[in-house]
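Chain by chain, the residues:
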Amino acid sequence: MPPIMEYLKESPPDTDSRWNELMELAIMQARQAGKNGEIPVGAILLDSEGRIIGKGYNQSISRHDPSAHAEVIAIQQGCQNKANYRLLGSTLIVTLEPCIMCLGAIIHARIATVVYGANDPKTGCLASRMNGANIPWANHSFEVVSGISAARCGSLLSDFFQQRRQQKRQKKQPSNRP
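Attention in this report is confined to the structure presented alongside it. Because the structure is a prediction, the values reported are computed rather than measured. (Residues numbered from 1 in each chain as written. Predicted model: local features only at pLDDT ≥ 70, side-chain atom pairs only at ≥ 80, totals over all residues. Heavy atoms only, no water.)

**Some remarks on helix H5 (residues 150-172)**
- Over its 23 residues, H5 runs 33 Å from end to end, which matches the ideal 33 Å to within 8%, given 1.5 Å per residue.
- Three or more residues of H5 are buried, namely Cys153, Leu156, Leu157 and Phe160. (Helix = DSSP H or I, 4+ residues; strand = E, 2+ residues; numbered from the N terminus. Expected span 1.5 Å × (residues − 1). Buried < 20%, exposed > 50% of the residue type's maximum accessible area, 1.4 Å probe, protein only.)

The structure is reproduced here in structure tokens:
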């Protein structure tokens, strides 16, 4: 994979406004997923210096791979760019609260901070269904920043699923052809 080291102006931020700027990059990734007919989730990964080392958007359908979530793809790119399976000090920014599979990747990669937008009440594993950042038996814990651009991130998902339901209804309706 080609390197994508894009430098940010400063180290990973600690203010909501800066997180919003970075979430916008993840939202751009999510929009790409939606254009491809995938669930619109996007992620970017920053190294400890604040450089973007990975980007990803959901590609499970197009890749025929249930593990091709935005977070996993961004982590894989980051590992390739750093030539290491550990991403100490890194920050993952994702539009939707990660699921249990992505939580496993986050733990194994030793990501320091996860920033996410919308909660996922069905499968979210950082706050909604469990406190995945502080599992007592896990060998790694990490910081979580939640709710960044939550309304915008949630709208991407609800609009996508509303459109998908509408398409299914249209397919079910009999045509009025003579």
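That was the structure; now back to the text.
**Here we look at helix H3 (residues 70-82)**
- Along its 13 residues, H3 runs 18 Å from first to last C-alpha, staying within 8% of the 18 Å computed at 1.5 Å per residue.
- Residues Ala70, Glu71, Val72, Ile73, Ala74, Ile75, Gln77, Gly78 and Cys79 constitute the buried set of H3.
- Backbone geometry just after H3 places Ala83 at a positive phi near 55°.

**A look at the side chain of Arg18**
- Here Arg18 shows up in helix H1 (residues 16-35).
- Within the structure, the side chain of Arg18 is placed 2.5 Å from the side chain of Glu21, a separation counted as a polar contact. (Polar contact = N/O pair within 3.5 Å; in protein donor to acceptor, adjacent residues only side chain to side chain.)

**Overview of the environment of His108**
- Inspection of the secondary structure assignment puts His108 in helix H4 (residues 100-109).
- Owing to a relative accessible area of 53%, His108 belongs among the exposed residues under this scheme.
- With 22 residues separating them in the primary sequence, His108 and Arg86 have C-alpha atoms 7.3 Å apart.
- Excluding anything up to four places from it in sequence, His108 contacts Tyr85 and Arg86. (Contact = heavy atoms within 4.5 Å.)

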